[in-house]
Amino acid sequence: QSESLVVCDVAEDLVEKLRKFRFRKETNNAAIIMKIDKDKQLVVLDEEHEGISPDELKDELPERQPRYPSHAAATCSYSLLEAYQHEDGRVSYPLCFIFSSPVGCKPEQQMMYAGSKNKLVQTAELTKVFEIRNTEDLTEEWLREKLGFFH
């Protein structure tokens, strides 16, 4: 039997939230973490963070230790991160979409997240799309390198 690729829709309220997030006026770093609701086959909001760095975001992403006791495997997630140039010279970066797909995710989960990624990217009109296999890789240096901000 062949696994058919499941493409999840994006929850309506999340679409609206993503739209607002893109045009937010605040100048602090912010992140949205999204997950797939397997039963509803929807991409939904998981967490929102204000004033968060890439290094702090990394600690919020579900790694091998499960966020919910019922999941024993690693968990995939989607994140959006945005930051700006601050007066003290700290670097800014545009809206970045990060697909975290840690080693050890169940294959079915990985397929569901991978299959739904493009739909989410299109729906939210994202252009900076990155993937990480190890949440430890998510650092400010990594992000800057990915964005091509070489100093």
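Residues numbered from 1 in each chain as written. Predicted model: local features only at pLDDT ≥ 70, side-chain atom pairs only at ≥ 80, totals over all residues. Heavy atoms only, no water.

- Taking an unreviewed UniProt entry as the reference, the protein is identified by name as Glia maturation factor beta belonging to Tachuris rubrigastra.
- The Function (unreviewed entry) comment attached to the protein in UniProt states, word for word, "This protein causes differentiation of brain cells, stimulation of neural regeneration, and inhibition of proliferation of tumor cells."
- Of the comments in the UniProt record for the protein, the one headed Sequence similarities (unreviewed entry) reads "Belongs to the actin-binding proteins ADF family. GMF subfamily." (UniProt positions renumbered as here; feature names shortened; annotations may be inferred.)

## Overview of helix H3 (residues 107–123)
Moving on, step 1. Compared with an ideal rise of 1.5 Å per residue, which puts 17 residues at 24 Å, H3 spans 24 Å between its outermost C-alpha atoms and is within 8% of the ideal.
Moving on, step 2. Along H3, the sharpest change in direction is near 35 degrees and occurs at Lys117.
Moving on, step 3. Taken together, the buried positions of H3 are occupied by Gln109, Gln110, Met112, Tyr113, Gly115, Ser116, Lys117, Leu120 and Val121.
Moving on, step 4. Glu125 lies just past H3 and shows a positive phi near 55 degrees. (Helix = DSSP H or I, 4+ residues; strand = E, 2+ residues; numbered from the N terminus. Expected span 1.5 Å × (residues − 1). Bend = angle between axes of the 7 residues up to and from the residue. Buried < 20%, exposed > 50% of the residue type's maximum accessible area, 1.4 Å probe, protein only.)

## Regarding the packing of aromatic side chains
Moving on, step 1. Taken as a whole, this structure holds two aromatic pairs when the rule is applied.
Moving on, step 2. Here the aromatic rings of Phe99 and Tyr113 are separated by 6.4 Å at their centres, their planes lie at 10 degrees, and the arrangement is stacked. Of this pair, Phe99 sits in strand E5 (residues 93–100) while Tyr113 sits in helix H3; the two residues are 14 residues apart in sequence, bridging distant segments of the chain.
Moving on, step 3. Relative accessible area serves as the criterion here: at 3%, Tyr113 is assigned to the buried category.
Moving on, step 4. Arranged with centres 5.9 Å apart and planes meeting at 80 degrees, the rings of Phe130 and Trp142 form a pair that is edge-to-face. Of this pair, Phe130 sits in strand E6 (residues 128–132) while Trp142 sits in helix H4 (residues 140–147); the two residues are twelve residues apart in sequence, bridging distant segments of the chain. Here the two residues Phe130 and Trp142 agree in accessibility, since each one is buried. (Phe/Tyr/Trp six-rings, centres within 6.5 Å; stacked < 30°, edge-to-face > 60°.)

## Quick look at the nonpolar core
Moving on, step 1. In terms of nonpolar packing, the biggest core is built from 23 residues, with Leu18, Met34, Val43, Tyr78, Leu80, Phe97 and Leu120 touching the most fellow members.
Moving on, step 2. Of all the elements in the fold, those that place two or more residues in this core are helix H1 (12–22), strand E2 (30–37), strand E3 (42–50), strand E4 (77–83), E5 and H3.
Moving on, step 3. Among the nonpolar cores identified, the runner-up in size contains 14 residues, and Leu61, Leu81, Cys96 and Trp142 belong to it. (Core = buried A, V, L, I, M, F, W, Y, C linked by side-chain atoms within 4.5 Å.)

## Here we look at H1
Since the α-helix advances by 3.6 residues per turn, residues separated by three or four positions end up pointing in the same direction.
Moving on, step 1. The complete set of buried residues in H1 reads Leu14, Leu18 and Phe21. On an axial view of H1, the arc spanned by its buried residues comes to 60 degrees, and they lie on one face. Residues of H1 that are exposed and point more than 90 degrees away from the buried face comprise Glu12, Asp13 and Lys20. (Arc of directions from axis to C-beta.)

## Quick notes on the side chain of His49
Moving on, step 1. Considering the arrangement of structural elements, one finds His49 in strand E3.
Moving on, step 2. Relative accessible area serves as the criterion here: at 16%, His49 is assigned to the buried category.
Moving on, step 3. A distance of 2.7 Å separates a polar atom in the side chain of His49 from a polar atom in the side chain of Glu47.
Moving on, step 4. Once residues lying within four places of it in the same chain are set aside, the contact partners of His49 are Asn29, Ala30, Ala31, Ile33 and Glu60. (Polar contact = N/O pair within 3.5 Å; in protein donor to acceptor, adjacent residues only side chain to side chain. Contact = heavy atoms within 4.5 Å.)

## Thoughts on the pattern of salt bridges
Moving on, step 1. One pass over the full model with this rule turns up twelve salt bridges.
Moving on, step 2. The residue Lys40 makes a salt bridge to Asp37 at a minimum N-O spacing of 4.0 Å.
Moving on, step 3. Look at Asp37 and you get partly exposed, because its relative accessible area is 22%.
Moving on, step 4. Among the ionic contacts, a cluster of salt bridges with common partners joins Glu16, Arg19 and Lys20. (Salt bridge = Lys/Arg side-chain N within 4 Å of Asp/Glu carboxyl O.)

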